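Results of the structural survey
Here is what each chain is made of, one letter per residue.
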Amino acid sequence: MPVLQRPAALVTLVNGACARAAGCRVRSSSGTSLTPSQPAIAAKYPYQVDLKAGKRYAWCACGHSKKQPFCDGSHKTATPGISPLRFQLDEDKSAWLCGCKRTKTPPFCDGTHKEKFVQEAELSGQP
Ligand code: FES
């Protein structure tokens, strides 16, 4: 299955959104750095989607959304430390968005789902 390479200028992150896969950390009210909860593996494969230029998308980073690969708000109760990754593209594009939530190039699949730790993991219950 081909993996889409992400042109650096093509993706715009909206309002500084953060994803665990991007190495983001959250701060507690005491100022202590915390590592967010581990995201669930929603799928062991990427989702092919047709994305529209200028439209804002929220990629599910927690793995609990029922609308994969997009956010449905489930992170608010399932994994409060993980926020969706908000992004938009400069041009219409068919893309492979990560379903395993372990990619190092969120929201795009980087092939990490092929690794043993993903393929042998239990799914979170999503299709
Ligand atoms: S689905 Fe391919 S890296 Fe997550």
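Just above sits the structure.
Residues numbered from 1 in each chain as written. Predicted model: local features only at pLDDT ≥ 70, side-chain atom pairs only at ≥ 80, totals over all residues. Heavy atoms only, no water.

Focus: the overall build of the protein chain
Applicable threshold: The helix count covers DSSP runs of H or I at least four residues long, the strand count covers runs of E at least two residues long, and both are numbered beginning at the N terminus. Exposure categories follow from relative accessible area, calculated using a 1.4 Å probe and restricted to protein chains: below 20% of the type maximum is buried, above 50% is exposed, and the middle band is partly exposed. What makes two residues a contact is simply this: any of their non-hydrogen atoms within 4.5 Å. Note on areas: these come from Shrake-Rupley sampling with a 1.4 Å probe, and a residue is covered only by the protein chains present in the view.
Helices and strands together make up the secondary structure of the protein chain, namely 2 helices and 7 strands. Each of the 127 residues in the protein chain was classed as buried or not, and the buried ones make up 43%. For the protein chain, restricting intrachain contacts to residue pairs at least 6 apart in sequence, the fraction spanning at least 24 positions comes to 67%. In the structure as shown, the protein chain presents an accessible area of about 6,900 Å², 50% of it carried by carbon and sulfur atoms.

Focus on the nonpolar core
As a reminder, the rule being used: Working definition of a nonpolar core: buried Ala, Val, Leu, Ile, Met, Phe, Trp, Tyr and Cys residues. They are joined through side-chain atoms within 4.5 Å.
Ranked by internal contacts, the top residues of the largest apolar core, which has 21 residues, are L51, W59, F87 and L97. Put simply, the parts of the chain that give this core at least two residues each are β4 (47-51), β5 (57-59), β6 (85-89) and β7 (93-97).

Comments concerning the pattern of salt bridges
To keep it simple, the criterion reads: Salt bridge, as applied in this entry: a Lys or Arg side-chain nitrogen positioned within 4 Å of an Asp or Glu carboxyl oxygen.
Enumeration over the complete set of coordinates arrives at 1 salt bridge. Taking the shortest distance from any N to any O, the salt bridge between E91 and K93 comes out at 3.9 Å. Of the residues examined, E91 reaches a relative accessible area of 40% and is grouped as partly exposed. For K93, a relative accessible area of 25% puts it in the partly exposed group.

As for the pairing of β6
This is how it is decided: DSSP calls a pair of strands paired once it identifies at least 2 bridges connecting them.
Most of β6 sits out of view: 4 of its 5 residues are buried. Relative to β6, β5 runs antiparallel, the two being bridged by 3 bridges. Looking across to β6, one finds that A58 is bridged to R86.

As for the packing of aromatic side chains
The relation between two aromatic rings is expressed through the spacing of the ring centres and the mutual angle of the planes. To keep things clear, this is the line we draw: Ring geometry is summarised as follows: Phe, Tyr and Trp rings, the Trp one being its six-membered ring, pair when their centres sit within 6.5 Å, and such pairs are stacked at plane angles under 30 degrees, edge-to-face over 60 and tilted between the two.
Going through the model one piece at a time under the given rule, you end up with 4 aromatic pairs. Centroid distance Y45 to Y47: 5.5 Å. Interplanar angle 65 degrees. Geometry classified as edge-to-face. Between the aromatic rings of Y57 and F70, the centroid separation amounts to 5.6 Å while the plane-to-plane angle is 25 degrees, which identifies the pairing as stacked. Taken together, the residues Y57 in strand β5 and F70 in the loop between β5 and α1 (75-78) connect sequence positions 13 residues apart. Of the aromatic side chains, those joined through ring pairs into one cluster are Y57, F70, F87 and F108.

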